[in-house]
Amino acid sequence: MHLLNLKKMLEAHLRLVQQQLQVLDSARRRLSATVQERSRVLDLACHALSSVPFVQAGRMSAGRLCRNLSSPQTPKADPLGPFTPEAEVSLLEAADARQRSWNLRRELKDMIEKTNHLQQAAHTSVNNGLTQKVGEIVTLKQHLQITHGENRHGIHRGQRWYDATERAYAYTRGPVTTTDLTTRERIDRPVVKVFQRHPGTQLPEAQQIVKAGDGLLDSLTATSRNIGLMKLAQIRLSDDIRDKSSSAHVDSSIIRLRRRKGNHRWCMGEAF
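**Points about the overall build of the chain**
Phase 1: Summing up its helical and strand segments, the chain has seven helices and zero strands in all.
Phase 2: In the chain, the order of α-helices and β-strands from amino to carboxyl end is α-α-α-α-α-α-α.
Phase 3: By the burial criterion, 16% of the 272 residues in the chain qualify as buried.
Phase 4: Excluding contacts between residues fewer than 6 apart, the proportion of contacts in the chain whose partners are at least 24 apart in sequence is 79%.

Quick look at the structure:
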């Protein structure tokens with residue numbers, strides 16, 4: 001907002017400068033016309049130096065004569081004399097335009113210096129902001145990398161737990177086919193059937209093994225789902241790390257470009 005306001009102020013001063021240039025050009029043209037008119041008068045009525053009264057008197061030295069000629073006094077305006085009212089008006093207009101131009105130049109100089117200071121301050125502020133942003137991005141990227149490693153460690157730990165649970169579930173299910181069971185492992189052998197005829201002698205191991213197998217299966221399903229979520233989080237973390245790296249690279253390039261395109265001009269007076 002400050003730079004926009006300064007731009008509007010400078011544009012307003014620029015219009016004033018254009019108007020003042022037009023005034024100066026008008027005064028210059030008027031002075032030029034007056035000088036040409038006086039030159040034509042001199043061409044028509046040219047007087048020799050000997051016709052000057054103080055030279056005819058012969059009482060003035062050469063040095064005094066040169067001083068008087070080098071710094072003549074402005075006579076009063078006379079329509080019939082050498083200094084006409086038109087010439088007086090032209091000189092007054094030119095002097096007034098010159099004074100206003102001097103005041104305008106001083107105001108413009110102060111405005112330009114103020115604008116340069118504000119522009120330099122804004123440039124430095126933007127560079128510092130970008131540098132701070134790059135630092136924050138790099139810090140966030142490092143935290144994401146740490147989280148990425150911890151998440152990968154969690155995936156490996158969950159995968160080991162899944163493999164161990166799957167192996168335990170396979171153990172609880174027993175052999176693949178009934179032909180692989182030994183005789184002592186069969187529950188339907190005659191000794192067991194006779195033993196189970198008596199009350200209170202039932203064998204609950206089979207039901208407990210089946211229930212444990214169901215619990216292991218539920219654990220496998222939950223672990224598999226968690227591993228899938230962790231892998232999805234791993235992909236998102238990788239994307240975030242890549243985006244942060246690109247963002248830091250772009251911001252660093254912008255800072256280098258701004259510093260390279262900055263105004264680094266200085267003079268010996270400013271250096272010392």
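**Some words on the pattern of salt bridges**
Phase 1: Within this structure, the stated rule accounts for six salt bridges.
Phase 2: Arg-28 is the partner of Asp-25 in a salt bridge, and the nearest nitrogen-oxygen pair spans 2.7 Å. Here Asp-25 and its partner Arg-28 are both found in helix α1 (residues 2–44), three residues apart, which amounts to about one turn of the helix.
Phase 3: By relative accessible area, Asp-25 is classed as partly exposed at 27%.

**Side note on the side chain of Ser-101**
Phase 1: Tracing the backbone through its elements, the reader meets Ser-101 in helix α4 (residues 85–173).
Phase 2: The buried category is assigned to Ser-101, whose relative accessible area is 8%.
Phase 3: The contact partners of Ser-101, leaving out residues within four places of it in the chain, are Gln-20 and Leu-24.

**Quick look at the confidence of the model for the chain**
Phase 1: Of the residues in the chain, 74% reach a pLDDT of 70 or more, and the chain-wide mean stands at 79.
Phase 2: Per-element confidence in the chain is highest for helix α6 (residues 205–261), whose mean pLDDT is 89, and lowest for helix α2 (residues 53–57), whose mean pLDDT is 48.
Phase 3: Confidence drops under a pLDDT of 50 for residues 54–60, and excluding neighbours within four residues, the segment shows nine contacts in the predicted structure.

**What about the environment of Ala-164?**
Phase 1: As for its placement among the helices and strands, Ala-164 is situated in helix α4.
Phase 2: Sequence separation between Ala-164 and Leu-220 is 56 residues; the distance between their C-alpha atoms is 9.8 Å.

**Examining the side chain of Thr-223**
Phase 1: With respect to the secondary-structure elements, Thr-223 resides in helix α6.
Phase 2: Of the residues examined, Thr-223 reaches a relative accessible area of 11% and is grouped as buried.
Phase 3: Here Ser-219 takes part through its backbone oxygen, which lies 2.7 Å from a polar atom of the side chain of Thr-223.
Phase 4: With residues near it in sequence (within four places) discarded, Thr-223 still touches Gly-158, Trp-161 and Tyr-162.

What counts and how
- Residues numbered from 1 in each chain as written.
- Predicted model: local features only at pLDDT ≥ 70, side-chain atom pairs only at ≥ 80, totals over all residues.
- Heavy atoms only, no water.
- Helix = DSSP H or I, 4+ residues; strand = E, 2+ residues; numbered from the N terminus.
- Buried < 20%, exposed > 50% of the residue type's maximum accessible area, 1.4 Å probe, protein only.
- Contact = heavy atoms within 4.5 Å.
- Salt bridge = Lys/Arg side-chain N within 4 Å of Asp/Glu carboxyl O.
- pLDDT = per-residue confidence, 0-100.
- Polar contact = N/O pair within 3.5 Å; in protein donor to acceptor, adjacent residues only side chain to side chain.

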